[in-house]
Amino acid sequence: MQRLPGFRDFYPEPLPTSDVWSADARTWIFSRWRETARRYGFREYDGPPLEPLELFTLKSGEEIVGQLYNFTDKGEREVAMRPEMTPTLARLVSDAQRHYKKPFKWFAIPQLFRYEKQQKGRLREHFQFNADIIGESNPGIDAELIALVIDSLRATGLTADDFVIRLSSRNAWQQFFEQAGGKPENAYAFYQAVDKLEREQPDVSAKKFADVGVQIDSVNQFIESGQPTEELQSVIEQLTARGLGEFVKIDYHIIRGLAYYTGVVFEAFDRKGEFRAIAGGGRYDNLVKLISGGKVDLPAIGFGMGDVVLTNLLQERGKLPEFTAGIDVYMLIEDESLRGESLKVIQQLRESGKAIEFSTGPLKSDKQFKRALELKSKFMVRVEKSADGALVCRCKNLQTRDEKTVPATELETWASGW
RNA sequence: GUGACCGUAGUUCAAUGGUAGAGCCCCAGAUUGUGGUUCUGGUUGUUGCGGGUUCGAGUCCCGUCGGUCACCCCA
């Protein structure tokens, strides 16, 4: 039985085949994300993976249904697997925001689903680190959130040589569009054209811009100038003050496709440009109001960082650590008459927090030894009876091959030293 | 949803239209005996699936499923 297309199986390392994913790497990345979010004072939240279809069509229109995993449930409800976290977050916020002092900083690591044909860096399911700051509009918040993006990536071992945040602003583009004489009703079409500028033939783009009353030359000129607006200048200054200046650059190519962004927008890319965007986000000051049906009106900024592109990048750059079972001791049981005594020692070590592995049935000692080496166990321990009948443990450091004999009663004390 | 390329053992790959193979992995035995080495043997296939052409198809054709990449769209 095959797994569904675009979905992943996660295995313990070492991986059996090249088409499956590492559960160890996933856990490791999630830990880096959580640990960084904690350092920034973010709190974790979550919601259901299955939501009313309406939650998503409300924000994105009926067009999005074609890209959703949706169906009618047994209670005749129209439902969908969540394709993004923001609508769920907006619901949580509109339901309970009064209980939280503003601004509040929340993050989640939801599994998201999208009914699309898979391609590089893009599957039908992925995990996404989502972090949002709700209820504050000063640019210091924008800088704080972008700093979190940077440090989340740095926590995985990536450096300024590996990635960069391309920083832009809907406000900057809005100003440009107005000064160029664009009409408000054409603003979205204009943003779409800017979003596609890098991927499309120049003459196609030129026509799109002409259709909304803008010269493509002036668009290119604006991008090339890269002059930060006051708002962006403030963000850059605050990141520079943190020593993170080298991780960002003004890049007006970035505008983000979604209609709801209102201010600062940004995307993180690998420096070599081999991958899709690693992360993306921006300000959405009107979305909470929209989702809550006008009940709550709070400014917000957030980003999403998927595990697929990030894992690919870390793999490619050799930044993922070596994952093992993390075994501290392999207990060698050569003499079956000592199995009971060995089990006692195993239990003691486990209760003291050590990771122990052993053969639960009789096995030739060289097999046990090989197993210990395969597991990359730090030590191999063997319980023996000394000449005077006392139980002793022969402990071998498998890295240095040093051997040491300690009384069984003192093994735990000895073990606490490493 | 559209298009291009690709599907052979658990895995990495061979095999002019003419007997489906090798390395690795795994298992067993021996060797080694302060052990990680080495040797011997063994298991494994509806050649993704279904049709067609042919005396004969892994190979050619059609369909289908899956994979990769691009488009569409964007989290």
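Quick caveat, the model's predicted, so the values are computed rather than measured.

Chemist: Sorry, what's going on with the overall build of chain A here?
Modeler: When its secondary structure is counted, chain A shows 14 helices and 19 strands. Its C-alpha atoms give chain A a radius of gyration of 28 Å, clearly above 22 Å, the size a compact globule of 418 residues would have. Oriented by its inertia axes, the alpha-carbon framework of chain A measures out at about 100 × 55 × 45 Å. Relative to its full complement of 418 residues, chain A shows a buried share of 49%. Residue pairs in contact within chain A that sit at least 24 positions apart in sequence constitute 67% of those at least 6 positions apart. In the form shown here, chain A has an accessible surface area of approximately 21,200 Å², with 48% of it arising from carbon and sulfur atoms. Taking the average place of the 57 positive charges on the side chains of chain A and the average place of its 62 negative ones, the gap between the two points comes to 3 Å.

Chemist: Looking at this structure, I do not really get the side chain of Arg170. What am I missing?
Modeler: Looking at where Arg170 falls in the secondary structure, it is placed in helix α5 (residues 170-179). Buried and unpaired, Arg170 has no salt bridge, with Asp195 as the nearest side chain of opposite charge at 7.1 Å. Contacts of Arg170, omitting those with residues within four sequence positions, involve Tyr191, Ile255, Arg256, Gly257, Leu258, Ala259, Tyr261, Thr262, Gly263 and Val265.

Chemist: Please explain the domain arrangement of chain A as it appears in this structure.
Modeler: By convention, interface size is frequently given as the accessible area that disappears when the constituent parts associate. Looking at chain A, the domain boundaries give domain 1 (10-316) and domain 2 (329-415). Computed from C-alpha coordinates alone, the two centres of domain 1 and domain 2 are separated by 51 Å.

Chemist: Which parts of the structure should I look at to understand helix α9 (residues 230-241)?
Modeler: Every α-helix winds through 3.6 residues per turn, so residues three or four apart in the chain are directed the same way. Taking 1.5 Å as the rise per residue, α9 with 12 residues should run 16 Å; its terminal C-alpha atoms sit 16 Å apart, in good agreement. Listed as buried for α9 are Leu232, Val235, Ile236 and Leu239. All buried residues of α9 fall inside an arc of 95 degrees around its axis, so they share one side. In α9, the exposed residues that point more than 90 degrees away from the buried face are Glu230 and Ala241. Buried residues along α9 sit against α4 (139-154), β10 (163-169), β11 (248-250) and β12 (264-270).

Chemist: Looking at this model, I keep getting lost on the pattern of salt bridges. Mind explaining?
Modeler: Pairing of side chains with opposite charge becomes possible as their charged atoms draw close. The full count for this structure, using the stated rule, is 33 salt bridges. Salt-bridge contacts for Asp328 lead to Lys378; the nearest nitrogen and oxygen are separated by 2.6 Å. Placement of the pair is Asp328 in the loop between α11 (307-316) and β15 (329-332) and Lys378 in the loop between α13 (365-374) and β17 (379-385), with a sequence separation of 50 residues. The class of Lys378 is partly exposed, set by a relative accessible area of 36%. Arg371 is the salt-bridge partner of Glu374, the closest N and O atoms lying 3.7 Å from each other.

Chemist: What's the story with the nonpolar core in this structure? I'm lost.
Modeler: As a rule of thumb, nonpolar side chains are buried together in soluble globular proteins. Ile146, Trp173, Phe190 and Met305 are the most contacted members of the largest nonpolar core, which totals 70 residues. Per-element accounting of this core gives the leading share, 9 residues, to α4. Not counting chain neighbours up to four residues away, the residues in contact with Phe190 comprise Trp173, Phe176, Phe177, Phe209, Val212, Val214 and Val219.

How each quantity is defined
Residues numbered from 1 in each chain as written. Chains lettered and ligands numbered in written order. Predicted model: local features only at pLDDT ≥ 70, side-chain atom pairs only at ≥ 80, totals over all residues. Heavy atoms only, no water. Helix = DSSP H or I, 4+ residues; strand = E, 2+ residues; numbered from the N terminus. Rg over C-alpha atoms; globule rule 2.2 N^0.38 Å. Buried < 20%, exposed > 50% of the residue type's maximum accessible area, 1.4 Å probe, protein only. Contact = heavy atoms within 4.5 Å. Areas by Shrake-Rupley, 256 points an atom, 1.4 Å probe, with all protein chains shown as cover. Lys, Arg positive; Asp, Glu negative; His and termini not counted. Charge placed at Lys NZ, Arg CZ, Asp CG, Glu CD. Salt bridge = Lys/Arg side-chain N within 4 Å of Asp/Glu carboxyl O. Domains from an automatic or database assignment. Expected span 1.5 Å × (residues − 1). Arc of directions from axis to C-beta. Core = buried A, V, L, I, M, F, W, Y, C linked by side-chain atoms within 4.5 Å.

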